Structure formats: structure tokens, C-alpha cells
Amino acid sequence: MALSRTDREQFLAEPHVAAFAVSGGPEGDRAPLAVPIWYQYAPGGDIWIMTGRDSRKAELIRAAGRFTLMVDRLEPTIRYVSVEGPVVETVPATREQLVEISSRYLPAEKVEGYVDFAWKEHGEQVVIHMRPQRWVSSDLGKV
């Protein structure tokens, strides 16, 4: 059964690791890039992700102008939400945004150490904002 707008937005706002997908390029000789990714979302707003400024992911997003995220769970019911839409902004990442997104996924006692490491070792990062445009969602119940 498809989820209501409220249910799908609330589910997406939970800290799931998303499956990220973007077109593999205009040549047609590569499949879409699909990788796990952390993201940030509040119901009714835009989604944002953080990635390396010069990463393949960032290059493909720039070329495609849009991407997809899919999140799912198996317990207590099988549920998923997939959302895709256009990129509406790309800006240099801040340390504060890295703390925000890391705090969403890591235990509190691990955040500072991870942020110190990532800020020094991952190179220049960008935050890419996507406006949710198309949604696919379902709750399949208990199996």
C-alpha cells in the first residue's frame, strides 16, 4: 500500500542510509552510479547530501542535474520510499554541516573524532540540495 504524504516524508526524515543513484553519463556505456549515502531531510523541505567537490558522484550530478534516493526497512514492516528530483543548489560544505549530518548517523561520542578526521582527510566537500519531485513509496506489511 502506498504511503500518505505525511508518512512518506516522516519515514524519509528518519536516519536511514540511502541508496543513491544518478545517471552514469551521456555516453550510455555505463550503468547509473548507485552507492550508499548519508543525507539530511526534514518533512516538506529539500534533501541535502555531502560529497567530494571533485568526486565522480559530484560530476555526474552536475551533468544530470538530478538524482534519486531510496530508503527502506524490513522491521516492523517492509517499507520503502524512493524520491527523485532536480538539484536546486550546490554550495561549499561547512564543518557545521558535517557535524549535523554525522550526528544524524553516529553515536554522540563518535561524532567529534569522525568530523576531525573527515574534515582533514576527505578533501573539499560540497553540499548538494535536491527538491523532491517524484515519490514512490509502499508499506508491504509483515511477511
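See the structure printed just above.
First, a word on what this report is: a plain description of the structure on this page.

About the cut-offs
- Residues numbered from 1 in each chain as written.
- Predicted model: local features only at pLDDT ≥ 70, side-chain atom pairs only at ≥ 80, totals over all residues.
- Heavy atoms only, no water.
- Helix = DSSP H or I, 4+ residues; strand = E, 2+ residues; numbered from the N terminus.
- Rg over C-alpha atoms; globule rule 2.2 N^0.38 Å.
- Buried < 20%, exposed > 50% of the residue type's maximum accessible area, 1.4 Å probe, protein only.
- Contact = heavy atoms within 4.5 Å.
- Areas by Shrake-Rupley, 256 points an atom, 1.4 Å probe, with all protein chains shown as cover.
- Phe/Tyr/Trp six-rings, centres within 6.5 Å; stacked < 30°, edge-to-face > 60°.
- Axes fitted to C-alpha atoms, helices over the stretch in contact; angles between N-to-C directions.
- Parallel < 35°, antiparallel > 145°, perpendicular 65-115°, else oblique.
- Left-handed = near helix turned anticlockwise from the far one by under 90°.
- Nonpolar A, V, L, I, M, F, W, Y, C, P; charged D, E, K, R; others polar.
- Pairing = 2+ DSSP bridges.
- Salt bridge = Lys/Arg side-chain N within 4 Å of Asp/Glu carboxyl O.

For the chain, the helix and strand inventory stands at 4 helices and 7 strands. Going from N to C terminus, the chain has its helices and strands arranged as α-β-β-β-α-β-β-α-α-β-β. Compactness check: the chain gives a C-alpha radius of gyration of 16 Å against a globular reference of 15 Å for 143 residues, within 12% of the reference. The principal-axis extents of the C-alpha atoms in the chain amount to approximately 45 × 45 × 25 Å. By the burial criterion, 41% of the 143 residues in the chain qualify as buried. In the chain, of all internal contacts separated by at least 6 residues, the share reaching a separation of at least 24 is 70%. Summing over all exposed atoms, the chain offers an accessible surface of approximately 8,100 Å²; the carbon and sulfur share of this is 54%.

Among the structural elements, Val22 can be located in strand 1 (residues 18–22). Between the alpha carbons of Val22 and Val35 there is a distance of 9.4 Å; along the sequence they are 13 residues apart. Apart from the residues lying within four places of it in its own chain, the contact partners of Val22 are Pro32, Leu33, Leu60, Ile61, Ala64, Arg66 and Phe67.

The next point concerns the packing of aromatic side chains. Per the counting criterion, the structure on display carries 4 aromatic pairs. Measuring from centroid to centroid gives 5.3 Å for Phe20 and Phe67, while their planes differ by 40 degrees, and the two rings are tilted. Highlighted residues: Phe20 in strand 1 and Phe67 in strand 4 (residues 66–73), separated in sequence by 47 residues. We note that Phe20, like Phe67, is buried. Judged by centre distance (5.6 Å) and plane angle (55 degrees), the rings of Trp38 and Tyr114 are tilted. Here Tyr114 lies in helix 4 (residues 108–121) and Trp38 lies in the loop between strand 2 (33–37) and strand 3 (47–52), a separation of 76 residues in the sequence. With relative accessibility at 26%, the residue Tyr114 sits in the partly exposed group. Members of the aromatic cluster, each reached through a chain of ring pairs, are Trp38, Tyr105 and Tyr114.

Take the packing of helix 3 (residues 95–105) against helix 4 next. Between helix 3 and helix 4, the shortest axis-to-axis distance is 10 Å and the interhelical angle comes to 135 degrees. Judged by the angle between their axes, helix 3 and helix 4 are oblique. Of the two possible hands of crossing, helix 3 and helix 4 adopt the one that is right-handed. Seen from helix 3, the contacting residues are Arg95, Leu98, Val99, Ser102 and Ser103; seen from helix 4, they are Val111, Tyr114, Val115, Asp116, Ala118 and Trp119. When grouped by side-chain class, the residues that make up the contact of helix 3 with helix 4 number 7 nonpolar, 2 polar and 2 charged.

The next point concerns the pairing of strand 6 (residues 125–130). Here strand 6 lies mainly inside the structure; 6 of its 6 residues are buried. Bridge analysis of strand 3 against strand 6 gives 6 bridges, and the strand direction is antiparallel. Bridge pairing in strand 6 places Ile47 opposite Met130. Relative to strand 6, strand 5 (residues 78–92) runs antiparallel, the two being bridged by 5 bridges.

Moving on, we come to the pattern of salt bridges. All chains considered together, the criterion is met by 9 salt bridges. A salt bridge links Arg53 to Asp54; the nearest nitrogen and oxygen atoms lie 2.9 Å apart.

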